[in-house]
Amino acid sequence: MREGELEEIEELCSAATPAPWFVRTLDDDSAMNLVAVSTVPDTGAAERWPNFDHRDMIAATLVQHPRYVDSADERWDENAAFIVMAREVVPRLVDEVRRLRSLLASRENDQ
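Throughout what follows, the structure given in this document is the object of discussion.

Moving on, we come to helix 2 (residues 76-110). For helix 2, which comprises 35 residues, the first-to-last C-alpha distance of 50 Å matches the rise-based estimate of 51 Å (1.5 Å per residue) to within 8%. Of all the bends in helix 2, the greatest measures close to 40° and is centred on Ala86. Each element contacted by the buried residues of helix 2 is listed here: helix 1 (3-15), strand 1 (22-26), strand 2 (32-38) and strand 3 (57-65).

Looking now at the nonpolar core. Trp21, Val35, Val37, Leu62, Ala80 and Val84 form the largest nonpolar core, which has six residues in total. Secondary structure elements with two or more residues in this core: strand 2 and helix 2. The residues contacting Val84, other than those within four sequence positions of it, are Trp21, Phe22, Val23 and Val37. Grouped together as the second largest cluster of nonpolar side chains are five residues, Leu34, Ala36, Phe52 and Val63 included.

Conventions adopted
Residues numbered from 1 in each chain as written. Predicted model: local features only at pLDDT ≥ 70, side-chain atom pairs only at ≥ 80, totals over all residues. Heavy atoms only, no water. Helix = DSSP H or I, 4+ residues; strand = E, 2+ residues; numbered from the N terminus. Expected span 1.5 Å × (residues − 1). Bend = angle between axes of the 7 residues up to and from the residue. Contact = heavy atoms within 4.5 Å. Core = buried A, V, L, I, M, F, W, Y, C linked by side-chain atoms within 4.5 Å. Buried < 20%, exposed > 50% of the residue type's maximum accessible area, 1.4 Å probe, protein only.

As structure tokens, then:
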């Protein structure tokens, strides 16, 4: 991966809503069984709108009724968990690639 690609990834991460992100399971008459990515933790209460702030939501991996957001493999929870993990891990991976490249370059210069 070129440095330019790492910079693009870093820019995307910086432009996104700041971490931390959380998986939330919500429910209401309009969006039955909603699995979402949110900036606030899940309460475990499967809140119904208007008892949650829609501005806290980053993305949804399931909006069951009506079927606005759904995946054929039914991995809604897993996809939401991946999105949440990626928000935290991708910036760290970019830093680690750069750290390892720097370490490798310094070893090559020592030889």
